[in-house]
There are 2 protein chains.
Amino acid sequence: MSHNTGMSAELPIKNTRQRHAIEAALAGARRPLLPAEILASAQQALPELGLATVYRNLKSLLAAGAIQGVELPGAALRYELAHQPHHHHFQCRRCQQVVDIPGCPPGIATMAPPGFLVDGHALTLYGLCAACSSVA
Amino acid sequence: MSHNTGMSAELPIKNTRQRHAIEAALAGARRPLLPAEILASAQQALPELGLATVYRNLKSLLAAGAIQGVELPGAALRYELAHQPHHHHFQCRRCQQVVDIPGCPPGIATMAPPGFLVDGHALTLYGLCAACSSVA
DNA sequence: GTTGTTGCAAATCGTTTGCAATGAT
DNA sequence: ATCATTGCAAACGATTTGCAACAAC
């Protein structure tokens with residue numbers, strides 16, 4: 001009597017205008033966005049959009065694996081689309097700007113003690129960006 | 001007319017009981033602590049201690065370089081003593097426990113684009129700890 | 001028609017701050 | 001005596017949630 005295709009018990013997710021606007025905002029940015037930035041950006045297309053809805057959608061998009069969170073010290077969580085080529089982030093200590101960094105140092109998975117299973121990692125570099133280091 | 005020894009304009013920092021209790025709490029833990037955990041731990045010696053004082057001291061200890069913050073996704077900022085041997089953190093996706101990991105992958109400083117000056121980094125590994133991976 | 005989703009406002013959580021009292025120097 | 005520090009409570013910013021109206025399916 002089930003209409004389920006698979007066997008997982010996921011809730012059906014509806015395709016709303018607001019979800020689309022939120023995804024579009026993220027897709028249009030070349031950097032991780034704050035919830036408030038997503039709201040502002042998506043409100044250009046959907047003025048009625050509320051902040052709570054942004055948070056609720058970010059949460060479900062995160063759970064669905066469509067987006068991922070980017071943590072930066074002392075700042076609120078930012079979000080970016082998932083499935084981008086593997087990269088990390090660099091934050092300038094002077095101008096606070098965040099830049100994507102492609103690639104990954106080798107040997108990360110072998111850092112953990114024996115018996116540990118590493119399935120992911122987060123890496124952020126700090127320092128001065130090209131612009132700021134030439135000024136300083 | 002100045003009584004300063006050097007030329008920096010740092011505020012004199014007084015040696016209070018509460019500061020000592022906070023440092024003792026951090027020194028006694030083998031893992032990064034949450035401000036509320038620090039409060040609870042330090043209150044055993046100093047019941048009058050308030051949470052605001054914990055925060056204020058963490059801030060100045062941080063500025064003084066005596067402690068450092070540990071960021072973990074979805075959780076509040078934790079603190080640990082600085083000047084420990086260089087290490088990173090591993091968080092188990094199953095039991096959420098945080099473990100110190102000694103060492104560092106090579107080549108981190110060379111990841112940034114030319115012109116960038118890297119002076120620090122944060123790395124956290126995720127996966128299953130030894131206990132959880134043997135159960136799963 | 002059913003049920004997930006929305007918008008708003010109130011609630012919650014972590015952290016900061018104003019202020020008068022206190023304690024370290 | 002001076003001045004940083006304290007405790008408390010109020011203020012604050014970010015995120016979550018209750019609820020009635022609403023829109024996807």
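About the cut-offs
- Along each chain, numbering runs from 1 in the same order as the chain's sequence is written.
- Numbering of ligands from 1 and lettering of chains from A proceed in the order in which they are written.
- The predicted origin of the model limits local features to residues at a pLDDT of at least 70 and limits the giving and counting of side-chain atom pairs to 80 or more, whereas totals for whole chains, interfaces and linings rest on all residues.
- Side-chain figures throughout are based on the complete set of non-hydrogen atoms in the structure, without hydrogens or water.
- An automatic or database domain assignment supplies the residue ranges for each domain.
- For this analysis, residues touch if any pair of their heavy atoms sits within 4.5 Å.
- In short, buried area is how much 1.4 Å probe accessible area vanishes from two parts on joining, totalled over both.
- Whenever Lys or Arg places a side-chain nitrogen within 4 Å of a carboxyl oxygen from Asp or Glu, that contact is recorded as a salt bridge.
- In protein, a polar contact means a hydrogen-donor-capable atom and an acceptor-capable atom, both N or O and within 3.5 Å, with residues adjacent in sequence counting only if both atoms are side-chain atoms; elsewhere, any N or O pair within 3.5 Å suffices.
- Joining through side-chain atoms within 4.5 Å is the link that ties buried Ala, Val, Leu, Ile, Met, Phe, Trp, Tyr and Cys residues into a set, and such a set is a nonpolar core.
- We call a residue buried when its accessible area falls under 20% of the maximum for its residue type, exposed when it is over 50%, and partly exposed in between, using a 1.4 Å probe and counting protein chains only.
- A run of DSSP states H or I qualifies as a helix once it reaches four residues; a run of E qualifies as a strand once it reaches two. Both are numbered from the N-terminal end.
- What sets the superposition is a least-squares fit of C-alpha atoms, and only residues with pLDDT of at least 70 in both copies go into it.
- Residue classes follow a fixed rule: Ala, Val, Leu, Ile, Met, Phe, Trp, Tyr, Cys and Pro count as nonpolar, while Asp, Glu, Lys and Arg count as charged, and any other residue, Gly among them, counts as polar.
- Following DSSP output, two strands are said to pair if at least two bridges run between them.

Draft legend 1. Local environment of the domain arrangement of chain A. All names here are of chain A. Here the domain parsing of chain A yields domain 1 (2-81) and domain 2 (87-133). Computed from C-alpha coordinates alone, the two centres of domain 1 and domain 2 are separated by 24 Å. Listed by partner, the interface residues are eight residues for domain 1 and seven residues for domain 2. The contact between domain 1 and domain 2 buries some 530 Å² in all, and 57% of this surface belongs to carbon and sulfur atoms. Together, L72, P73 and E80 form the three largest contributors to the area buried by domain 1 at its contact with domain 2, with a combined 58%. At the boundary of domain 1 with domain 2, the tally comes to zero salt bridges. At the junction of domain 1 and domain 2, the tally comes to two residue pairs in polar contact (both at pLDDT 80 or more).

Draft legend 2. Representation of the nonpolar core in the model. A:F90, A:L125, B:F90 and B:L125 are the most contacted members of the largest nonpolar core, which totals 23 residues. Elements supplying a minimum of two residues to this core: β3 (87-92) and β5 (117-128) of chain A together with β3 (87-92) and β5 (117-128) of chain B. Excluding its chain neighbours within four sequence positions, the residues that come into contact with A:L125 are A:H89, A:F90, A:Q91, A:I101, B:I108, B:M111, B:A112, B:V118, B:G120 and B:H121.

Draft legend 3. Quick peek at the relation of the copies chain B and chain A. With an RMSD of 0.2 Å, the operation that places chain B on chain A is a rotation of 179° combined with a shift of 0.0 Å along the axis. On this basis, the relationship between the two copies can be described by a two-fold rotation axis. Relative to the rotation axis, the closest C-alpha in chain B is found at B:L123, a distance of 2.3 Å. Same-surface contact between copies: 100% of interface residues of chain B are shared with the interface of chain A.

Draft legend 4. A look at the interface of chain B and chain A. On the side of chain A, 36 residues touch chain B, which itself brings 36 residues to the contact. For the pair chain B and chain A, the two sides together bury roughly 2,700 Å², of which 66% comes from carbon and sulfur. The shortest N-O distance in the salt bridge between A:R93 and B:D119 comes to 2.8 Å. Across the contact surface, chain B and chain A share eleven residue pairs in polar contact (both at pLDDT 80 or more). Among the secondary structure elements, those contributing two or more residues to the side of chain B that touches chain A are β3, β4 (98-102), β5 and α4 (130-135) of chain B. In terms of residue count, β5(B) provides more of the side of chain B that touches chain A than any other element does, twelve residues in total. Residues of the side of chain B that touches chain A, tallied by class, amount to 24 nonpolar, nine polar and three charged. Sheet topology places β5(A) next to β5(B); eleven bridges connect them, and they run antiparallel. Note that in β5(B) the partner of A:G127 across the bridge is B:V118.

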